[in-house]
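# Architecture at a glance
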Amino acid sequence: MVLNRKLGIIDLGKNRVLVREIPVELRKKHLGGRGLNWYYLYNSIRPDVDPYSPENVLAIGAGLLTGFPALGAGRTQISTKNPMTGGVGDSNMGGAFGPQLRLAGFDHLLIVGRAEKPSYILVRDGGIEIRSAEHLWGLDTHTAQKVLREETGDDRAESMVIGRAGENLVSFANVMNGIKNAGGRSGTGAVMGSKNLKAIVASGDIDLVVHDPEKLLDYALEVDRRARNTKWAKTLGRLGTPLLYDVSYTTGFIGTLNWQYNTPGEDGKPLEAENLEKYSVKMVACIGCSVHCRHRVKIREGRYRGVVTEGPEYAAIGAFGTGVGVYDWEFVIKCNEMANKWGIDLISLGTTVAWAFELFQRGYITENDTGGLRLEWGDENAVLELAKMIVERKNVGNVLADGMLKASEKFGKDSLYYANQTKGHPNLLTDERGIPSFALGIATSTRGADHLRSRPGIDLFQLPEETLERIYGHRIVSDFTAYETKGIMVWWHELLYNVVDSLGICKFQTVFNSANSPRFEDYVPLIEFAAGIRMTKEDLMEIGERNYTIERMFNVLNGFSRKDDYPPERYFREETKRGLPFMKGRKLDREKYDMMLEEYYRQHGWDENGVPKRETLERLGISEPDYSILEVL
Ligand code: SF4
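Keep in mind that this is a model prediction, so the values were computed, not measured.

So, on to unusual backbone geometry. The step from Gly311 to Pro312 runs through a cis peptide bond, and the omega angle for that step is -10°. Mapped onto the elements, Pro312 comes out in the loop between strand E15 (308–310) and helix H10 (314–322).

Listed below in structure tokens is the structure:
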């Protein structure tokens, strides 16, 4: 049965494990994955809990459809209190950990406490053990996974591991599975490190029995074919996410030299997607995916000869390319490989490094801080050395490792102006000044600046308003430079992405960059045939609203409000300097932004300060947190 997977509660400090049922009623309210993770965390992390304290809780969750052969449904959610922001910390990971967790008999794990010595958790065939990981501490993420497979004697075992960055509590350390599947952003790896937890291993053979196998297979094939046959998915399957770079740099939508510019112009040409082809060995996919958007790459000659890895994605081009003024695929591939082995979020790393370079340019950081290293734009060695300093917490790297908010206290408050972040969370290297809906999305995201919580990629296509109304159920202005109605658009995508993360489906196979991809109504039969739960499109939208509001409430209880829903100040003050006419000379208009923000709050049923209204909480059935979930321990 799909619905008979369990909740494992693990206290590393007390060395105790409990196994509990997950009531079907909770499934109907939150689905699984991200939604159920946040139900549990909302009711277990008190506002005064420090993210690095034993009382912080790490939730791991497989989506309700994780493990099914369609729409890239292999995803896993990792959630915790974010060490960079003090609010929601949340990562969605591809790869095969989630499906293996389900085969091991579990859908959700809640991990609390701090182990006395480095440890790992083994989840196998319905049981959970805590084991020593002293021999694994210090290993990179790839080697650690290899050793764990040998040790468990199961070559299908899947691990989520941390690397040096997590061990050293770098606030943007991530959790890795496979070569490059990252539970990135949000510092989930640092929280694992603070618990002395090197890895979680899942291994099992307990079949997932579905409600109606024949109908599920027929429908899964049909909906998967639809997602795979969009132009977006076809191009993605050939070029990977680097295809987005070509659009970004030619129009003027990519942070360059720490957002002093919005494109490198012709200098950026070497990083075009087609130029990655010569390193690509083949395209590979996450489990349950027929789009296969990921390159397996190999550098055959030159200074990085022998590097074999997966990716790099669009985000890495910004992080190790335009952000720091290096326009060389081999360097991007090398940094991508290093970041994955260190277990560090490469988006946050790239944005933090680019910030440090601009602070050096402006004299906030000097050679005294860097051990003599000059942070000059375009200097590959300086980029790699600074990255290593952060991972190993050396020199100025020790300050940067604590995240932008804390670091800016050391560099001087003004330095925060040059940090592209919201809520203390570094942004992806895109430049949202010309696209109000994207700017609103990075600002209101519950985990801080980010493109995967609500970005309405299709806003850029300027689709006819009848088409937009059909998708969104509201009138939406077609012009992507407009502010009006974009609050509704962002709201709709927040709900959609929440549902997708709670089902375990890949975001690239929903309405993100293609209007023809599946959306709410297309998941209804999947849920019924897989789990036997009948729902409507409206039910799913309400679940998305409930789950998102719980995350919002978690942030509100931790001191967040309207003041934290603004994009970087630079976006309001400095115009973009380059790009095509519709992207050049653009900055955000504060008055219009405020109107858009208020429209967004109204759509959610939140007050003018961004706090969910009492009637909204009642309508969604959200009570005060009761903090009782972990009392059983
Ligand atoms: S589209 Fe890409 S990220 Fe999504 S499941 Fe497929 S391979 Fe993974």
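Turning next to the sheet that holds strand E6 (residues 106–112). The mixed open sheet is built from six strands, whose spatial order is E2-E1-E6-E3-E4-E5. Of all the strands in the sheet, just strand E2 (16–20) and strand E5 (88–93) have a single pairing partner and so form its edges. When strand polarity is set aside, the average angle formed by the axes of neighbouring strands in this sheet is 15°. Packed on one face of the sheet, helix H2 (residues 33–42) meets strand E1 (6–11), strand E3 (58–62), strand E4 (76–81), E5 and E6 and runs near 25° to E4.

A word on the nonpolar core. Phe320, Ile344, Trp355, Leu386, Ile390 and Phe411 are the most contacted members of the largest nonpolar core, which totals 70 residues. Those residues within four positions of Phe320 in sequence are excluded, and the remaining contacts are Val326, Phe331, Val332, Cys335, Asn336, Leu346, Leu349 and Val383. Within the second largest apolar cluster, 67 residues are counted, among which are Leu3, Met489, Trp492 and Leu503.

The subject of this paragraph is the packing of helix H19 (residues 486–503) against helix H23 (residues 590–604). Packed helix pairs are specified by the crossing angle of their axes together with the interaxial distance, meaning the distance between the axes. Taken N-terminus to C-terminus, the directions of H19 and H23 make an angle of 45°; their axes are 7 Å apart at the nearest point. Accordingly, the angle class assigned to the pair H19 and H23 is oblique. Judged by the sense of rotation from one axis to the other, the crossing of H19 with H23 is right-handed. Facing H19, whose interface residues are Lys486, Gly487, Ile488, Val490, Trp491, Glu494 and Leu495, H23 presents Met596, Glu599, Tyr600, Gln603 and His604.

Close to the ligand lie Gly72, Arg75, Ala285, Cys286, Cys289, Val291, Cys293, Cys506 and Gln509. Tallied by class, the residues present in the shell around the ligand amount to six nonpolar, two polar and one charged.

Counting buried residues in E4 gives six out of six residues, a clear majority hidden from the surface. Where E3 and E4 come together, four bridges link them in antiparallel fashion. Looking at E4, one finds that Gly61 is bridged to Gln77. Summarising the sheet, E4 and E5 pair through six bridges and their orientation is antiparallel. Bridge pairing in E5 links Ile78 to Ser91. Linkage of E4 to E5, two consecutive antiparallel strands, is achieved through a turn of six residues, within which Gly86 is found at a positive phi near 80°.

Our focus in this paragraph is the pattern of salt bridges. Counting across every chain of the model gives 54 salt bridges. Two residues, Lys388 and Glu385, come together in a salt bridge whose shortest N-O distance is 3.4 Å. Residue Lys388 and its partner Glu385 are located together in helix H14 (residues 380–392), separated by three residues, close to a single helical turn. Judged by its relative accessible area of 35%, Lys388 falls in the partly exposed class. Where Arg570 meets Glu574, a salt bridge forms, and the shortest distance between an N and an O atom there is 3.3 Å. With respect to burial, Arg570 and Glu574 carry one shared label: buried. What emerges from the salt-bridge pattern is a single network uniting Arg34, Asp90, Arg453, Asp501, Lys507 and Glu551.

With that out of the way, let us pick up the sheet that holds strand E14 (residues 294–298). Pairing is antiparallel across the open sheet formed by three strands, whose spatial order is E13-E14-E15. With one partner strand each, in any of the chains shown, strand E13 (280–284) and E15 form the two edges of the open sheet. Averaged over all neighbouring strand pairs, the angle between strand axes comes to 20°, with direction disregarded. Relative to E14, E13 runs antiparallel, the two being bridged by four bridges. Residue pairing across strands places Ser280 opposite Val297, the latter belonging to E14. Packed onto the sheet, helix H8 (residues 231–239) meets E13 and E14 and runs at close to 140° relative to E13. Across the sheet, helix H11 (residues 329–342) lies against E14 and E15, angled at about 80° from E15, the strand it touches most.

Mapping Lys278 onto the fold places it in the loop between helix H9 (243–251) and E13. Exposure remark for Lys278: the relative accessible area of 62% places this residue in the exposed category. Each C-alpha atom of the pair Lys278 and Leu3 lies 46 Å from the other, and the pair is 275 residues apart in sequence.

Thresholds applied
- As a convention, each chain's residues are numbered from 1 in the sequence order in which they are written.
- Predicted model: local features are reported for residues with pLDDT of at least 70 only, side-chain atom pairs are reported and counted for 80 or more only, and whole-chain, interface and lining totals are derived from all residues.
- Heavy atoms from the whole structure form the basis of all side-chain values; hydrogens and water molecules are not counted.
- Going along the chain from the N terminus, every DSSP run of H or I of four or more residues is numbered as a helix, and every run of E of two or more is numbered as a strand.
- Pairs of strands are assigned from DSSP output, requiring at least two bridges between the strands.
- Axes here refer to lines fitted to C-alpha atoms; in helices the fit is confined to the stretch in contact. Angles between the N-to-C directions go from 0 to 180 degrees.
- Pairs of residues are marked as contacts when any of their non-hydrogen atoms sit within 4.5 Å.
- We define a nonpolar core as any set of buried Ala, Val, Leu, Ile, Met, Phe, Trp, Tyr and Cys residues linked to one another through side-chain atoms lying within 4.5 Å.
- Using a 1.4 Å probe on the protein chains alone, a residue whose accessible area is under 20% of its type maximum counts as buried, one over 50% counts as exposed, and one in between counts as partly exposed.
- Geometric relationships in this document are graded by angle, where less than 35 degrees denotes roughly parallel, more than 145 denotes roughly antiparallel, 65 to 115 denotes roughly perpendicular, and other angles denote oblique.
- Helix crossings are classified by the rotation of the near helix relative to the far one: an anticlockwise turn of less than a right angle makes the crossing left-handed, while a clockwise turn makes it right-handed.
- Note on terminology: near, applied to a residue and a molecule or strand, indicates that one of the residue's heavy atoms is within 4 Å of it.
- Put simply, Ala, Val, Leu, Ile, Met, Phe, Trp, Tyr, Cys and Pro go in the nonpolar bin, Asp, Glu, Lys and Arg in the charged bin, and everything else, Gly too, in the polar bin.
- For salt bridges, the criterion is a side-chain nitrogen of Lys or Arg within 4 Å of an Asp or Glu carboxyl oxygen.

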